[in-house]
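# Architecture at a glance
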Amino acid sequence: MSVPGGEVPRLSALGADPAAVLRVVGYFDRFDESAANADTVVRAAALLAECPVGAVWSSGTTIRYDASGRLVPGASPLDAFGADPAVWLEPVGPAHPLHPVLLDRLRHCLQMVAVRLSLSGSLHLDDPALLEVVLSEKERREDRVRALRLLGIDPERAVRVFAVTGPATQDAVRIIADRLSVVRSVVIGATTAVLVLDSGSIRQISDDLNSAVVQLFPSSRSGAAGPRVGIGERVAPLAAASSWEQARRALRFASSTWQGRRVVAFERLGSLELLADLPVRRLLGTADMLRINGFAETEAGALAVDTLEAFCVFGSLRRTAAELHLHHSTVAARIAHVESVMGWNVDEALDRFCATLVLTVRRLALSSAELAGGDPTRVGSGDAFRRRAADDPGVGDR
């Protein structure tokens, strides 16, 4: 939910002069002229006011965002301004002279949104698009509330959204349904969205699902043909759209490579999630990526890179050797081969981090290309990565 025009003024930086009043009026005029929905308008008001802002309609629908722009629950106070919608601010300190102007323009803007969207069609219980409505921030809040009600979802019960893609998607949906309470799934483009009622630890859920997918679709050096799954964060049902977006971002980190993880939870990525913002072409063009992909174009190089990837996953020579059914001296020799090419010493923390990062980026680039419509290729083939990015000019912007 972005603000039209991009810039968000802060009320604390404005005075009470006519120019400041016009600045606030102009800020809300942007939304009158755009396709913004009620959530976007209330969120923008909260960012401007730097405090929680809410609105409530006679139907009982309530929208409330905090100062950071996060959707939060809450009831309307007795002194809310106006009616249908009634709006309010929750300032921490003394009232600002522009608070009445902000409330007036907020209410006016919400009324304009209602007029603009009044022709929206109604939803029915058997409508296959119910889940799409729930997952779209572009839909009216009232429609999303109704869709949730028709789906039988308790608005107080936390949910998660899963994004599933690749071959055998329905097998992955069945695996999820065997372990969690699935509300509904729907195919959106090339990805299947699965809405579930949240329960249990995300670490346990993601590890269990990953093990189940790997067991059903074992991987090898030639990759894996099974599905990949991204998991969004636990959210309130009305915020399911944000969980859906997170699930799709996590999906880029799920991999069909030999040692790649098939099921990835967004909240377990931490700072690594920032890598999803980098264009694939830029990732593939870094010196380390060019060097390791060039090295992996030979059979010996591909074996060595695969072995280093396993080492970064398992953490020790002996465990890596046991998992790969190799002698530990063979594992050490292959890792040393990569070290000599890349200038690394994985016994040192910084170099091991660099190795792990490069291999993670490599898997991310492959997954991004596959999500763009490519076919799985052998992990060790560096030119395959470049072909994937070249086949679809849009890949680099995803």
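Before reading further, recall that the structure is shown in the block above.
Structural notes, computed from the coordinates. (Residues numbered from 1 in each chain as written. Predicted model: local features only at pLDDT ≥ 70, side-chain atom pairs only at ≥ 80, totals over all residues. Heavy atoms only, no water.)

It is worth spelling out the nonpolar core at this point. Membership of the largest hydrophobic core comes to 55 residues, with the highest contact counts inside it found for Leu308 and Trp344. Ranked by residue count, the leading element in this core is helix H15 (residues 349–371), at six residues. Apart from residues lying up to four places away in sequence, Leu308 is in contact with Ile335, Val338, Trp344, Val346, Ala355 and Leu359. Ranked by size, the runner-up nonpolar core spans 33 residues in total, among them Leu47, Cys51, Val87 and Leu98. (Core = buried A, V, L, I, M, F, W, Y, C linked by side-chain atoms within 4.5 Å. Buried < 20%, exposed > 50% of the residue type's maximum accessible area, 1.4 Å probe, protein only. Helix = DSSP H or I, 4+ residues; strand = E, 2+ residues; numbered from the N terminus. Contact = heavy atoms within 4.5 Å.)

At 3.6 residues per turn, the α-helix brings residues three or four places apart onto the same side. Here helix H1 (residues 18–32) spans 21 Å end to end across 15 residues, near enough to the 21 Å set by a 1.5 Å rise per residue. Capping the start of H1 is the job of one residue whose side-chain oxygen sits 3.2 Å from the backbone nitrogen of Ala19: Asp17. (Expected span 1.5 Å × (residues − 1). Polar contact = N/O pair within 3.5 Å; in protein donor to acceptor, adjacent residues only side chain to side chain.)

The strand order across the open sheet formed by three strands is E2-E1-E3, and the pairing between neighbours is antiparallel. Two strands bound the open sheet, and with one partner strand each, they are strand E2 (62–65) and strand E3 (86–89). Ignoring which end each strand starts from, the neighbouring axes of this sheet average 10° apart. Here four bridges tie strand E1 (residues 53–56) to E2, and the two strands are oriented antiparallel to one another. Along E2, the bridge assignment pairs Val56 with Thr62. Across the face of the sheet, helix H2 (residues 38–49) comes into contact with E1, E2 and E3 while running at roughly 35° to E2. (Pairing = 2+ DSSP bridges. Axes fitted to C-alpha atoms, helices over the stretch in contact; angles between N-to-C directions.)

It is worth spelling out the side chain of Arg160 at this point. Its place among the elements puts Arg160 in strand E4 (residues 159–165). Within the structure, Arg160 has its side chain in polar contact with the backbone oxygen of Gly232 (distance 3.0 Å). One polar contact links Arg160 to Glu267, side chain to side chain, over a distance of 2.7 Å. Excluding residues within four positions of it along the chain, Arg160 makes contact with Val194, Leu195, Val196, Asp198, Ile202, Ile231, Gly232, Glu233, Arg234, Ser243 and Glu267.

Counting through the fold element by element, Asn37 comes out in the loop between H1 and H2. Each C-alpha atom, one on Asn37 and one on Ala114, is 8.4 Å from the other, the two residues being 77 residues apart in sequence. Not counting chain neighbours up to four residues away, the residues in contact with Asn37 comprise Val113, Glu137, Lys138 and Glu139.

Turning our attention to the pairing of strand E5 (residues 181–188). Pairing of E5 with strand E6 (residues 191–197) involves seven bridges; the strand directions are antiparallel. Bridging across to E6, Val186 finds its partner in Ala193. Where E5 hands over to E6, the hairpin turn is made up of two residues, of which Gly189 adopts a positive phi near 70°.

Here we take up the packing of aromatic side chains. Aromatic rings considered in pairs are described by the distance between their centres and by the relative angle of their planes. What the rule picks out here adds up to three aromatic pairs. Judged by centre distance (5.4 Å) and plane angle (80°), the rings of Tyr27 and Phe28 are edge-to-face. Since its relative accessible area comes to 1%, Tyr27 is described here as buried. Given a relative accessible area of 1%, Phe28 falls into the buried group. (Phe/Tyr/Trp six-rings, centres within 6.5 Å; stacked < 30°, edge-to-face > 60°.)

The next thing to look at is a nonpolar patch on the surface. Taken together, Leu272, Leu350, Phe353 and Leu357 make up a surface patch of nonpolar side chains, about 380 Å² in accessible area. Using a relative accessible area of 30% as the deciding quantity, one classes Leu357 as partly exposed. (Patch = residues over 30% accessible without salt bridge, like charges linked within 9 Å, V, L, I, M, F, W, Y side chains within 5 Å. Areas by Shrake-Rupley, 256 points an atom, 1.4 Å probe, with all protein chains shown as cover. Salt bridge = Lys/Arg side-chain N within 4 Å of Asp/Glu carboxyl O.)

Let us now look at the sheet that holds strand E7 (residues 228–231). One open sheet accounts for five strands, arranged E5-E6-E4-E7-E8; its pairing is mixed. Two strands bound the open sheet, and with one partner strand each, they are E5 and strand E8 (263–265). In this sheet, adjacent strand axes meet at a mean angle of 20° when their direction is disregarded. For E4 and E7, the ladder comprises four bridges, and the chain directions are antiparallel. Residue Ala163 lies in a different strand from E7, and its bridge partner there is Gly230.

Turning next to the packing of helix H13 (residues 317–324) against helix H14 (residues 328–342). Put simply, H13 and H14 touch, their axes get as near as 8 Å, and they point 105° apart. For the element pair H13 / H14, the angle class is roughly perpendicular. Here Leu317, Arg318, Thr320 and Ala321 of H13 lie close against H14, whose contacting residues are His328, Val331, Ala332 and Ile335. Among the residues forming the contact of H13 with H14, the class breakdown is five nonpolar, two polar and one charged. (Parallel < 35°, antiparallel > 145°, perpendicular 65-115°, else oblique. Nonpolar A, V, L, I, M, F, W, Y, C, P; charged D, E, K, R; others polar.)

Time to look at the environment of Ile292. Structurally, Ile292 is set in helix H11 (residues 287–295). For Ile292, a relative accessible area of 0% gives the class buried. Put simply, Ile292 and Arg362 are 70 residues apart on the chain and 9.2 Å apart in space, counted from C-alpha to C-alpha. Those residues in contact with Ile292, other than ones at most four positions away along the chain, are Val305, Met342, Trp344, Val358, Leu359 and Arg362.

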